[in-house]
Structures are given as C-alpha cells and as structure tokens.
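# A look at the structure
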Amino acid sequence: MKERIFLLLVALVVEKSYIVNQIAQSEQIYKTIHITASTGKAAYLINGVTIHAFAGIETGVKSVDYYKRHMHPDIKNTWLETDVLIIDEISMINAQTFDLLHLIACEIRQCYDELFGGVQVIACGDFFQLPPVTGQFVFKSQIWQHYMTEVLVLTQCFRQKDDEQFFGALNEIRFGQVSNQTIDYFMTRCFEKNENLNSKYTRLFFRNIEVDVYNNQKMETIKQAGYWFYAKDVIKNRNIPCAFQIPAAVYLKIGAIVMLVRNNYVEEGLCNGTIGTVILIENNAVWVMMNKKEVKMNVSKKKF
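Everything numeric here is computed off the predicted structure, so don't read it as measured data.

As a further point, take the sheet that holds strand β12 (residues 293-298). Within the open sheet, the four strands sit side by side as β9-β10-β11-β12. Their pairing is antiparallel. Only two strands of the sheet have a single partner each, and these edge strands are β9 (257-259) and β12. The sheet shows a mean angle of 45° between the axes of neighbouring strands, direction not considered. Of the strand pairs in this sheet, β9 and strand β10 (residues 275-281) are connected by three bridges, and their pairing is antiparallel. Counterpart to V258 in the pairing with β10 is G276.

If you want it as structure tokens, here you go:
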C-alpha cells in the first residue's frame, strides 16, 4: 500500500527534530508511533531509541532466522503493536540493514507484501551528510526503491535564519562547491594558538596518534594521582582481528575529560559521544559527571 509509505528528506539544517516530535506527539494521529535514529546521539535529541535497539538486532550482522529465534518477547510485541516507525539520520543506515529490518518485520508481523510488514515508515535525513560506516547508501536497497516513493523536501532554514552568510557558507559546503569568499570567511575562525580556543570544546584530529599525544599532554596538566584500567580480552573466535574500539589499557585521573564510546542509556543522554568529567575513581568503577548527573561506570563486558 504505497499511500502508507513516506520518505521525509531534509535539506541542510532545518528543524527536522521539531517536526518529528510534533508528528509523534500529535493528538490527531491515533496510532502507535515509535521514534528511532541511526545513532545514540541522534536518538537522544528526539527522545527516541536507536533503530538497532528498537528492532533487537544488536549490530545487525546476523541472519533473520537468528534474530527471530533470539528476539526478546518485549521487542517482538513492540514490532507487532507499531503503526508508525520514524527513523532519523537515515543516511547512516546502509542498504543491508534496511533490508534486514524489512525482513524481520515481515516475519514477525506475518505480512510479506508491504514495507516492514505493514508499518508506516517515515525516514528523515540528508544524504549530503554522513554516509553509512560500511556498505552502500540505503537508497541502493531494492526494498527501498520499491516502496519509498513519496518524498518531502524541507527547504526553509530556521536555525541559521538570522545569519545569511553562515547559512550560505554551510550550503556551499553541503554541495561541495565552496567559493573563495566562503574559505576566507571560515579562515577567520582558524586559530594558530591553543590559548585562543575554548578548552571545553572537543578537538578533532586526523590520526589516532595525534589524539593520543594531545590527550597525554592534557592528562599531564592534571595534578592528581593516575590509575590504570586493564582490559581482560578473551577471544573465542580467532577469525576476529584484535582491533577494539578502546585500548587494552586506559589511564585516568580525577578531573579528566572522557567520552562514552557506546550507548548505555540513550533515554538519559548516556550514548556514544557523550562528554563527561571524572569525579571519583574506585577499584572497579569510575564516577563521571555527565549531563549534570553523577554516573557510575562499572566494568563492562561485551561478547565478540
């Protein structure tokens, strides 16, 4: 039923988060609506959860049969009761994951001739922004091409409406057609000395070695005792390369600025990319001030 399927595309930086929330909270829509996003940060901003958590697919690399057999009853019931599924930051969902979601939904809902087994899908995002980490863009999916036929493009910008120069510069970058005037404009924000930069801002570097050097320099400025935390790696599958998201040993001090690298409690803003400050160090836990809350980070276990 193509009239039930919508694709919501967003041009540049319009307030799509506001629109998504208005749709989800509307008293005129008598349906069960679930809000999701491709990343924890994006999900938190729209009061939702990650699409992977909603669907119960973890990293989404296993078969439909596996997820169907191991799916928690609560997640299965959520699939069955959902009328409308909103997926934000759709550009970071690859074609393989979209196909997987469709097949799982069809199996659970026992409906094979409609997208996601009859769930109305509203996908929001901007394909000029971040692509999937791996795989092809979602619009390369045959399922997507068959069902996602209705497109709504938002063209009015609200966030930078009072700064036309900044808006124009962002738009040039978005299309990959940057003028010399825009380059000169952004170069006015280029600082050669660190003291001109706000120390609270997150620094971005091209290489991991540059990240390590900077972090070590900042750690040395903290006049507190340091503590090492060592990982206990047990690799049962030798085909998995020994490359993890965090190092085998982590050095911390009270006062150090740290970042979460996995989603803990998205609904509380504790998701991948959240910044905090270490306030207490225990033997098997670290207390961090995040989002104005004291959060205890226990030893984490993850299977590979």
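Before going further, it helps to examine unusual backbone geometry. Within the chain, N47 stands out as a residue other than glycine whose phi angle is a positive 60°. The topology assignment puts N47 in the loop between α2 (40-45) and β3 (49-50). The backbone of F116 sits at a positive phi, close to 50°, despite the residue not being glycine. In this fold, F116 is placed in the loop between α6 (95-109) and β5 (120-125). Residue class for F116 comes out buried when judged on its relative accessible area of 0%.

Where helix α8 (residues 164-175) meets helix α9 (residues 180-187), the axes come as close as 10 Å, and the angle between the chain directions of the two elements is 115°. In the crossing of α8 with α9, the sense of the turn from one axis to the other is left-handed. Contacts from Q165, F166, A169, L170, E172 and I173 in α8 reach T182, Y185 and F186 in α9. Considered class by class, the residues forming the contact of α8 with α9 number six nonpolar, two polar and one charged.

On to the confidence of the model for the protein chain. For the protein chain, the mean per-residue pLDDT works out to 83, and 87% of the residues sit at or above 70. Mean pLDDT across the elements of the protein chain ranges from a minimum in strand β1 (residues 6-10), with 47, to a maximum in α6, with 96. Here residues 1-6 scores under 50 on pLDDT; set against residues more than four positions off or in separate chains, the count is 21 contacts. pLDDT under 50 marks residues 8-14. Its contacts with residues more than four places away, or in other chains, come to 36 contacts.

Rules used in this analysis
- Residues numbered from 1 in each chain as written.
- Predicted model: local features only at pLDDT ≥ 70, side-chain atom pairs only at ≥ 80, totals over all residues.
- Heavy atoms only, no water.
- Pairing = 2+ DSSP bridges.
- Helix = DSSP H or I, 4+ residues; strand = E, 2+ residues; numbered from the N terminus.
- Axes fitted to C-alpha atoms, helices over the stretch in contact; angles between N-to-C directions.
- Buried < 20%, exposed > 50% of the residue type's maximum accessible area, 1.4 Å probe, protein only.
- Left-handed = near helix turned anticlockwise from the far one by under 90°.
- Contact = heavy atoms within 4.5 Å.
- Nonpolar A, V, L, I, M, F, W, Y, C, P; charged D, E, K, R; others polar.
- pLDDT = per-residue confidence, 0-100.

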